[in-house]
Structures are given as C-alpha cells and as structure tokens.
Amino acid sequence: MKGEIKHYLKKYWFFIFLQALLITLLLGLITVFVQFTTLTSGQLHHFEDSFHGKTMFTVGVDVLAETNTTLYIDEENRIHWDETVDHSISLFYDLLNQRSDIHFLSMNSQSTSIRDFHGGDLFDAFYGTELMGEYELNDNTYLRVKAIQMNQQAFEFFDLELANGVMFSWEEIDYNERTIPILLGDAYQDIYEIGDVLISGAPFENFELEVYGFLPPNTSIFYFYEPNYVLDRYMVMPYPYSLQAYVPIDHQLKVFLSLAMISGDIVVADDEGALAFVLNVLSIVGELSGFEDYLLWDVNLFATHFTRMVAILNYNVQLLQAVLVFCMAILFFISTQVSKHLFKRRKKHYQLFHTLGFSQKFMCKLILREIRCMFIMVSIFLLVVMYLVLIGLYPHDIFDPAHLFIFPLFLVLEMNRELLVAAGIQCGLAILTYLCLKSELKKILN
Amino acid sequence: MFKKFKSGRIELLLIFLMTFNMTLHDYLVVQGLLILESNQLLTGHEIRTNKNVEELLSLEALDEINYRLFARVAFYSPYDDIWLFYTNDFSNWMPPLSEGSFFNSAHNKQALVGQNVALTERNDGLVYVFNGEAYEVVGILGLLNPSLLDDMVLLNGSDFWKQHELDLMVDANDSELLATALGSSSVNERSDIGAILETDFFTPMIVIYSWLISSLLILIIAYLYDLDVKDEVKVRFLIGENQFRLFGRMLISLLVKIRSALVILFVGLWLLNPRVNLSVLGLQGFFLLALLILSYTTLFFRKSVTKARWS
C-alpha cells in the first residue's frame, strides 16, 4: 500500500498541492466570513440589548418661561439666578439622576478650549467653518476642540469602555478642585499619553484635564438624532456625580453646568404609558426640588433610527449567512469534483487491484490514505497561514516568531474558534470526499 | 479517435467559479449600498467645506476626480430631510434605490425621495415641490423597508445653493484624492455600519481571497483540461499535425467549454431572475477565458508538445 501511495503522490503531487492550496484558501475565506458574521451578529445583539423596547424623551430648561421670575438673561446673554434656583435645579438633577426606574442620560457636546493643543485642525470643533482655527488669549494659544460631557448613566447606557488606561471613579469627580479626569477618542492615541494634563480655557476656565485613558476605535453613541455619533476625535469629560455637591466658586460655570446637566434624555420602556410615566416622574421630581420650568419633548426618532439600523444590520447578517452557506457549498462541490476527476483517471489502477483479488476494504483504505495525504497538506498550509496571521496581529514582544514553541499555545488561546471551524469543515469535507469516492469505486467494480 | 472528456465536469467547475465570483461581487455591491444607506448616502470620508458652490465647481483639481456634492437644507420642511445634489459624473455612482433610476444629467430638475415623503401629482407624473419649483420624481430611495432614507429627498439641478449659504459636503470614492484636491481632510463624526462592522478590514480580505481562489481554480481547471487532452495532443503531434493548428484545435475545444458554461449560467440566472444584470457575467466570461487560455498555453500546452517532440 505504501508503494501505491508513493506512486500516487509522485505522479499527482502538483495536482494535490493545488487542491490543498485551494481548500486552504476557501477555508480561509470561510473563516473570514464566520468572523464577519459573528461580529455583525454581536453588533446586532448589542443594538437590541441596548435599545430594544425603549423610548426616549428629552428634557430641558425652559429659560423663557413666563412663570420663570428668578432666572434672567443679561445684555451679554448670560443667565443669572439666585441661590434658591441654584439649589432647586441642583436637586432636580440629583433626584432625576438617582431614580432607578429611568435612565437619565445627560450629555452635551460643548467644545472646550485647550491651551497649546497638540492635535491639529482635525480636532477643531469648528473645522470646515469660518470659526475654525486657534485664537490668542492672554499670550496663550487656544483651540476649541471637540468635547462631549456626560454623566455616569449615559456612559454606562452606551456601554462605553476603555481601549487602554484606568477608569476613574465617578463619585470622586469634584469640579471644585478644578481637575477633571478625561477620556480621549481613538484618534488621540499618538498625540497624548495617559497621565498627560491639558489646560482648558472657556468654558472650563483654567481646569486641569488629566488623561485617564483612550476609547476603542469607532466608539459611537446615539446623540442628537444621530444613531452612530463617533467619538474618535472627542474628549469625554465626566459630569460631577452630584450637582448639589458642586459649590459654585465660579457662578457662570455653575449656571452653564446646571443648564447643561439637566438637559438630557430620559429613556424608559417603550409602551403606551411611557409619556404619562415620564410626566409623572418629572412632576414628582419637580415638586420635590421646587424646579418646574422644564420642557419635555418626545424623541420618536430614537425608536425609528433604532428599528432602521437593526433592519440594515439584520439584512447584512442574512446576506453574510447566505454567502457563507454558498461558499461552503462551493468548497464541498469543488473539492469532491476535483477528487472525483482524479479518481476517474486512476480507475484502471483500482480495476487492476480488483482483478488481482484485493478486497474492496483494501481499496477503501487506499482512498482514505489518499484523502489523508491531501488534508495533512491542507493542515500544514493552514498552520503556516495562522502563524503568519499571528505575526501580523501581534507585536514581537508578545509573540516572538523565533520562539516556535509558543506558537501552539497562542494558537489555542487566540485562534481557538478559527481552529475549530477549520477543523470541523475539514472533517466534513474529508468524510464527504470519502463517501463520494467510495460510491465511484462501487460503480467501477460493478 | 481519442475519447474526449465528456462528463461536463470542467463546465460545471467553470459555472461554479463564475457563480462564486458573481455572488461575492453582488454581496460587495449590496454591502456598499447598505453602507451608503446607513450614512445618508455619504461614504464617511466626506469633507465639509466653507467654500461656496461656484468656488467648488471652478476647482480644476476637483474636476479631475469623480466627486459628489451634497448640501442639507435644514429646517426647510418639518417632515422631509432635504438634500441638494450634484456630481460631475452621473455614471460613476448610484444610491440605494428600491424603485426607479438615478439622475441622468445635472440640468434636469429631478428628485429621488424616501418612502415617507409626500408627493404632488401632476399631469406628467409625480413631482416634489421645493422652493416653488417642481422636481420630477425618478426613483425611491432605500433598499430596505423601513429604511434610514425614508424621509430623505435628494434634489438634482437646483439653484437653491447658489442663492443661499449652505454647509457643503464633498464626497468621492477616493478619499485621499479628494483631500488633495480640496487641500483639507475629512472629519468623520457620523458612522455608517461599515465602521461598526469593520468592513475596511473584512472587505479587502474577501476580495483578496476571492481573487486567489479564482486564479487557483482556473489553474486547476487548466490542469484538468490538460490531463484530459494531453494524450490527444501527443498523438496528433506525432502524426504530423502542425503545432499552431493543434493549438487552435485545443483552443476551440476550450472555447466551447466556456461558451457552454456561460450559456447555461445565462439561462439559469435569467430563469431565476429576468432582471438580473448579466453584464458582470459577460465581463467575467471574457476575463476567465483570457486567464484560462493563458494558463493552459503557458503552463501545459507547451509542455505536452515538448514531451511529444522528445518522444
């Protein structure tokens, strides 16, 4: 049998090599599709988990309300109020933020001036408009960079996480110390480092913004009617945990912060009584805090955008699955047909074996060995491809190509799913090819 | 007379190869349209500019690339999301449409509208009225139902942006060329599904894999064909048939196989969907033919003839 296998390999080595290479490539393509489908399904589930069955209402301050007698705007468009209003607004925010039956997402995309900014024009909040560019103030150069301020509930609602760095403690954020921990978007990775301190200008005059970490690339949130508002070039600034705890040293900043912080989105379960429920919550909170000059409007676009985005993702998943199934079918067809073709060329050998009195079992074993030779070659090619992928994916201090002995470990740890998919498909393919050739053999012998 | 390989396996392999390529091509086209749909027809590399329309149209560097110009007319209508549109090449780009066709010239006042947009009926068909002017509705935006483009109105041939100051966005398939032409970079603040699904990583991988697989499969088909005909080539050469004539004979036999595969596929696809775009298939057929002949001639035919000469 060994001699026969040797002859087979010697005569058809080029063909077996091509077929093994083709199967490896098709397996690679299927693995890419599996990864792509997994990622798309993951995003779809993430969307559904985060937004399904929820609706959003926006609450804001009615600064022009006729009943509003303690809040007034001066000639420079600055808003003033007395201590009573300050207390009631702060309490309104804190009560709303502490309720467990709603998500109160307080977010505001307010640009922040940064002194001697290193990032360049692309981070300019007014990029592409007449207002873009740096400005001078007290012998310092400032740029108004994109920033988004948000509370803990918003941060957690959108599942924001760090690519690297350390998450700050929300309870310890204290604007009185004029130091705010910040997180930077992915585009900042090569510009600032963790621990760097940026000095801000208006509206957070002379605050020290300390970099705690970076967001992963393409981090996005639902903001201002945009279902995917990308934060890559934004700095994320946390709001103080409690507005009441922030003692106003700078009166205007407190006014600005209070107005910004109580303007947020309330997310509740999407049912018929959603509006009545939110109105009831606001009425209770307004009564307890003494602040009732708020506005409320229904953001029905939230549910609409969500449904439409899910429809697109769903369609993409279905499309991917269809293509994946088709690729698998093609892989199986091509592989079996090519093997069949080769087998037919060798049918005289098998007829001779039959004439010489060899059993059918012996010939099946021979076929199995032939198939095994090809799949050993496929496995070798696959290992080479995975090795190259690991070299490409990881820096040399993590995966040193010279240390081959750690390759199996990395393979099991990092590419276990790909390995399983490839192994599963190979087994299926080998069995199918064997069954095909066995039926061909039966035809020849009969 | 030598028994020819008549099982049709080569034709079958060719059909599967073409179907495989067509499926991947169609998938990438649909994915591109979905990305456009999820990002209000923008690629995500669009550039906001403070230049006005006249300034942009007079830029020679910009005219050298195929670009699209968009301007959102905010707050004009409480219901519709109105965008003005211009492109210097109407054949190079296509938005996702569920019905109708794309604009054909910059001079025609035409509109593409979403499914929720209210239209006015006139004698010559449906129109969208904007700023006192009627725009002929030529298509419905959005591949899916519901679609993110359901409230969108895309207007062609409008002079509105010449009379009003609007924020303009310039977009092109080649973002680097666009940035060079405009002298500024793209700042992406909105994300399409391409960004969250990392299509920038997966799409080139799929394209590279499909190219490699197609090339390799062509090589295998050429090899299979050679296995089938090499004895015939050898004998015909030995009985004195001219090398070029022999090559012509083999070429015709290959052509017949490709033609059969193409005809079967054409008919099959047409039966499945009479509206299917067969131009891709035709193009692929020619390409396949060229590659197959090239690989067969360079790798196998010469070898068979040389072997015959030696024997």
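This section reports on the structure supplied with the text. Sequence order as written defines the numbering, with residues in each chain counted from 1. Note on labels: chains are lettered from A, ligands numbered from 1, in written order. The predicted origin of the model limits local features to residues at a pLDDT of at least 70 and limits the giving and counting of side-chain atom pairs to 80 or more, whereas totals for whole chains, interfaces and linings rest on all residues. With hydrogens and water stripped out, all remaining heavy atoms of the structure feed into the side-chain values.

Re the overall build of chain B
Phase 1 of the analysis: Comment: elements are numbered from the N terminus, with helices defined as DSSP H or I runs of at least four residues and strands as E runs of at least two. Summing up its helical and strand segments, chain B has 9 helices and 10 strands in all.
Phase 2 of the analysis: Relative to the globule expectation of 19 Å for 311 residues, the C-alpha radius of gyration of chain B, 27 Å, shows a markedly less compact shape.
Phase 3 of the analysis: Referenced to the eigenvectors of the C-alpha coordinate spread, the extents of chain B come out at roughly 85 × 45 × 35 Å.
Phase 4 of the analysis: Each residue's exposure class comes from its accessible area (1.4 Å probe, protein chains only) as a fraction of the maximum for that residue type: buried when under 20%, exposed when over 50%, partly exposed otherwise. Looking at the 311 residues of chain B, the share that counts as buried comes to 50%.
Phase 5 of the analysis: Working rule for contacts: check all heavy atoms of both residues, and any pair within 4.5 Å makes them a contact. Looking at chain B alone, contacts between residues at least 24 apart form 76% of all its contacts between residues at least 6 apart.
Phase 6 of the analysis: To be clear on the numbers: accessible area is Shrake-Rupley with a 1.4 Å probe, and residue cover counts the displayed protein chains and nothing else. On chain B, roughly 15400 Å² of surface is accessible, and the fraction owed to carbon and sulfur atoms is 56%.
Phase 7 of the analysis: The averaged location of the 34 negative side-chain charges in chain B is 24 Å from the averaged location of its 24 positive side-chain charges. Only C-alpha atoms enter the radius of gyration, while the globule expectation follows 2.2 Å times N to the 0.38, with N the number of residues. Charge convention: Lys and Arg are scored as positive, Asp and Glu as negative, and His as well as the terminal groups of each chain are ignored. Charge placement uses NZ in Lys and CZ in Arg. For Asp and Glu, CG and CD serve respectively.

Points about the pairing of strand E10 (residues 179-184) of chain A
Residues and elements named next belong to chain A.
Phase 1 of the analysis: Among the 6 residues of E10, 5 are classified as buried, and the element is accordingly described as predominantly covered.
Phase 2 of the analysis: In this structure, E10 lies alongside strand E12 (residues 208-214), joined through 6 bridges in parallel fashion. Its bridge partner being in E12, Leu184 is matched across the sheet by Phe214.
Phase 3 of the analysis: Of the pairings in the sheet, the one linking E10 to strand E15 (residues 235-238) comprises 2 bridges and is antiparallel in character. Bridge pairing in E15 places Leu183 opposite Val236. Only when DSSP finds a minimum of two bridges between them are two strands counted as paired.

Details of the interface of chain B and chain A
Phase 1 of the analysis: Contacts between chain B and chain A engage 54 residues on the former and 57 residues on the latter.
Phase 2 of the analysis: Buried area adds together the accessible area that both of two parts lose upon being put together, with accessible area traced by a 1.4 Å probe. With both chains or domains summed, chain B and chain A bury close to 5600 Å², and 74% of this area falls on carbon and sulfur atoms.
Phase 3 of the analysis: What counts as a salt bridge is simple: a side-chain nitrogen of Lys or Arg found within 4 Å of a carboxyl oxygen of Asp or Glu. At the junction of chain B and chain A, the tally comes to 0 salt bridges.
Phase 4 of the analysis: In protein, a polar contact requires one atom able to donate a hydrogen and another able to accept it; more generally it is a pair of N or O atoms within 3.5 Å, and residues adjacent in sequence count only if both atoms are side-chain atoms. Across the contact surface, chain B and chain A share 0 residue pairs in polar contact (both at pLDDT 80 or more).
Phase 5 of the analysis: Elements represented by at least two residues in the side of chain B that touches chain A include exactly helix H1 (9-38), strand E1 (47-49), helix H6 (193-196) and helix H7 (199-238) of chain B.
Phase 6 of the analysis: Considering every element that reaches the side of chain B that touches chain A, the biggest residue donor is H7(B), with 15 residues.
Phase 7 of the analysis: Each residue gets one label: Ala, Val, Leu, Ile, Met, Phe, Trp, Tyr, Cys and Pro are nonpolar, Asp, Glu, Lys and Arg are charged, and the others, such as Gly, are polar. Looking at side-chain class alone, the side of chain B that touches chain A contains 31 nonpolar, 14 polar and 9 charged residues.

Some details on the nonpolar core
Phase 1 of the analysis: Counting residues in each nonpolar core, the largest one holds 185 residues, and the members touching the most others are A:Phe33, A:Ile221, A:Met235 and B:Tyr296.
Phase 2 of the analysis: The element best represented in this core is helix H1 (residues 2-51) of chain A, accounting for 21 residues.
Phase 3 of the analysis: B:Tyr296 has contacts with B:Ala222, B:Tyr225, B:Asp226, B:Val229, B:Val233, B:Met250, B:Leu254 and B:Phe301, leaving out every residue within four places of it along the chain.
Phase 4 of the analysis: Counting 29 residues, the second largest nonpolar core, distinct from the first, contains B:Val53, B:Leu62, B:Tyr135 and B:Val153. Throughout, nonpolar core names a set of buried Ala, Val, Leu, Ile, Met, Phe, Trp, Tyr and Cys residues whose side chains join them through atoms within 4.5 Å.

What about the side chain of B:Ser158?
Residues and elements named next belong to chain B.
Phase 1 of the analysis: With respect to the secondary-structure elements, Ser158 resides in the loop between strand E9 (152-156) and helix H4 (160-163).
Phase 2 of the analysis: A polar side-chain atom of Ser158 sits 3.0 Å from the main-chain amide nitrogen of Phe160.
Phase 3 of the analysis: Look past the residues within four positions of Ser158 in its chain and what remains in contact with it is Leu84, Lys109, Phe130 and Tyr135.

Section: the sheet that holds strand E7 (residues 140-145) of chain A
Residue and element names in this part refer to chain A.
Phase 1 of the analysis: Read from one edge to the other, the open sheet built from 3 strands follows the order E5-E7-E6, with strand pairing classed as antiparallel. Bordering the open sheet on either side are strand E5 (112-115) and strand E6 (135-137), each of which pairs with just one other strand. Averaged over all neighbouring strand pairs, the angle between strand axes comes to 45°, with direction disregarded.
Phase 2 of the analysis: With 3 bridges connecting them, E6 and E7 associate as antiparallel partners. Bridge pairing in E7 places Leu137 opposite Asn140. With axes taken as lines fitted to C-alpha atoms, and helix axes fitted only over the stretch in contact, angles between N-to-C directions fall between 0 and 180 degrees.

Side note on unusual backbone geometry
Residue and element names in this part refer to chain A.
Phase 1 of the analysis: Backbone geometry places Asp116, a non-glycine residue, at a positive phi of 45°.
Phase 2 of the analysis: With respect to the helices, strands and loops of the structure, Asp116 is situated in the loop between E5 and E6.
Phase 3 of the analysis: Judged by relative accessible area, which is 44%, Asp116 ranks as partly exposed.
Phase 4 of the analysis: Backbone geometry at Asp159 places phi at a positive 55°, although glycine is not the residue there.
Phase 5 of the analysis: Mapped onto the secondary structure, Asp159 falls in the loop between helix H3 (152-157) and strand E9 (164-165).

Considerations on H1(B)
Side chains three or four residues apart in an α-helix point the same way, a direct result of the helix having 3.6 residues per turn.
Phase 1 of the analysis: To estimate the expected span of a helix, subtract one from its residue number and multiply by 1.5 Å. The first and last C-alpha atoms of H1(B) sit 43 Å apart over 30 residues, in line with the 44 Å expected at 1.5 Å per residue.
Phase 2 of the analysis: Across the 30 residues of H1(B), 21 count as buried, placing the element largely inside the fold.

Side note on a nonpolar patch on the surface
Phase 1 of the analysis: Nonpolar side chains (Val, Leu, Ile, Met, Phe, Trp, Tyr) are joined into patches within 5 Å and like charges within 9 Å, using only residues with over 30% relative accessible area and no salt bridge. Judged by side-chain polarity, A:Ile376, A:Ile380, A:Val384 and A:Leu388 come together as a nonpolar surface patch covering roughly 370 Å² of accessible area.
Phase 2 of the analysis: Mapping A:Ile380 onto the fold places it in helix H8 (residues 360-393).

Focus: the pairing of strand E10 (residues 168-172) of chain B
Residues and elements named next belong to chain B.
Phase 1 of the analysis: With respect to burial, E10 is a largely interior element, 5 of its 5 residues being buried.
Phase 2 of the analysis: Residues Leu168, Val170 and Ala172 point to one face of E10 and Met169 and Asp171 to the other, with burial holding for every one of them.
Phase 3 of the analysis: One ladder, built from 3 bridges, connects E1 with E10; its direction is antiparallel. By the bridge assignment, Arg48 is partnered in E10 with Met169.
Phase 4 of the analysis: Bridging between strand E2 (residues 67-73) and E10 involves 5 bridges; their strand directions are antiparallel. Bridge pairing in E10 links Phe70 to Met169.

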